[in-house]
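Observations on the three-dimensional arrangement
Here's the letter readout for the chains.
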Amino acid sequence: ASITVRLRELIVDETLSVWRVLSDGSRTLVRGTDGLIDGLTVASETVVFEDYEAPLGVPVSYYAETRDGTLVTQTRAPGPVTLAHPDANLVWLKDPSNPQRNLTLVVKQAPDWQRPISQAERRVRGRRKSVVLSDVRGGLEGDLVIWTRSDDERRALHWILDAGNVLLWQASPGNGVDDMYVNVGAVTEGRF
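Heads up: these notes are all about the structure in this document. As the structure is a computational prediction, the values presented were derived from the model and not from experiment.

In this section: unusual backbone geometry. The backbone phi angle of Glu 9 is positive, close to 55°, even though this residue is not glycine. Position of Glu 9 relative to the elements: it lies in the loop between β1 (3-7) and β2 (15-22). Look at Glu 9 and you get exposed, because its relative accessible area is 66%. Phi at Asp 13 is positive, roughly 80°, even though this residue is not glycine. Residue classification places Asp 13 among the exposed positions, given a relative accessible area of 63%.

We now examine the side chain of Lys 94. For Lys 94, the location among the structural elements is in strand β11 (residues 90-94). As a buried residue without a salt bridge, Lys 94 has its nearest oppositely charged side chain in Asp 179, at a separation of 7.2 Å. Here the side chain of Lys 94 touches Tyr 52 through a polar contact of 2.7 Å, landing on its backbone oxygen. At 2.6 Å, the side chain of Lys 94 forms a polar contact with the side chain of Gln 170. Look past the residues within four positions of Lys 94 in its chain and what remains in contact with it is Ala 1, Tyr 52, Ala 54, Asn 102, Ile 160, Leu 167, Leu 168 and Gln 170.

What follows is about helix α1 (residues 151-162). Between the first and last C-alpha of α1 there are 16 Å, a value that for 12 residues agrees with the 16 Å anticipated at 1.5 Å per step. Glu 153, Arg 154, Leu 157 and Ile 160 are the residues of α1 that are buried. For α1, the arc enclosing every buried residue in end-on projection is 125°, short of the 170-degree limit, so these residues lie on one face. Away from its buried face by more than 90 degrees, α1 exposes Asp 152 and Asp 162. Where the residues of α1 are buried, they touch β11, β12 (103-109), β15 (145-147) and β16 (167-170).

Strand order in the open sheet made by the 5 strands is β15-β12-β11-β16-β17, with antiparallel pairing throughout. Pairing within the sheet leaves two strands with one partner each, and these edge strands are β15 and β17 (180-182). Strand after strand, the sheet turns through a mean of 45° between neighbouring axes, direction not considered. The sheet contact formed by β12 and β15 spans 3 bridges and is antiparallel. From the neighbouring strand, Gln 109 faces β15, where its bridge partner is Val 145. Across the sheet, α1 lies against β11, β12, β15 and β16, angled at about 100° from β12, the strand it touches most.

How each quantity is defined
Residues numbered from 1 in each chain as written. Predicted model: local features only at pLDDT ≥ 70, side-chain atom pairs only at ≥ 80, totals over all residues. Heavy atoms only, no water. Helix = DSSP H or I, 4+ residues; strand = E, 2+ residues; numbered from the N terminus. Buried < 20%, exposed > 50% of the residue type's maximum accessible area, 1.4 Å probe, protein only. Lys, Arg positive; Asp, Glu negative; His and termini not counted. Salt bridge = Lys/Arg side-chain N within 4 Å of Asp/Glu carboxyl O. Polar contact = N/O pair within 3.5 Å; in protein donor to acceptor, adjacent residues only side chain to side chain. Contact = heavy atoms within 4.5 Å. Expected span 1.5 Å × (residues − 1). Arc of directions from axis to C-beta. Pairing = 2+ DSSP bridges. Axes fitted to C-alpha atoms, helices over the stretch in contact; angles between N-to-C directions.

Shown next as C-alpha cells:
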C-alpha cells in the first residue's frame, strides 16, 4: 500500500520539496527515507521514493518544486493516482519509519471511542455548587480488536508492535474512520 513517485530531469544541488495533494486542494509534505521531503538537496537527476502514507481509495496527486536559493526553478504535478483497497474488512497498520514492517490485518471490532478530559472539582466553603476546572478535551482513545489469520501474521504483528513506534492506521474509506497515527499501549493477546 504505497505509491512510487519518480521525478526526472532535476537539477543537481538545488533543493526539492514534495507535497501530496488531495482533491480538495489540501497539501501535506511527503515523508522520504530521511524525513519530510522539504528542502532536500538534489544529488541526482532522478529521485524515486515510496509514499507509504498515501490515503487508501482516495485520488491524490503530487506537487514538487525545486529551488535555487529562494528562486523556484521547476514545478511538477504528477498524478492523480488512487491506491486501491479492495477489502473493507482489512486495515493497514504501518510504521512510517520502518515500512518493511507494514501489514494488513482483519478487524474484528472497531473501537468505541472515548475522549478523556482532565477536570478538578473544588468545593467552595459556604456555597452549594462546586467550581469545576477543565483542561482541553483529549484526542480519541479506544481499543481496536484485530484477528491474525496465521502464525506468520501473528509474528509480523509482534514485529511491528515490539518497536514501540507511533503507527499509521489506515482503514477503507467509508468505514467512518479517518487515517490516524496511533500510539499502541498495553496489548492483550487471546487465542481461539
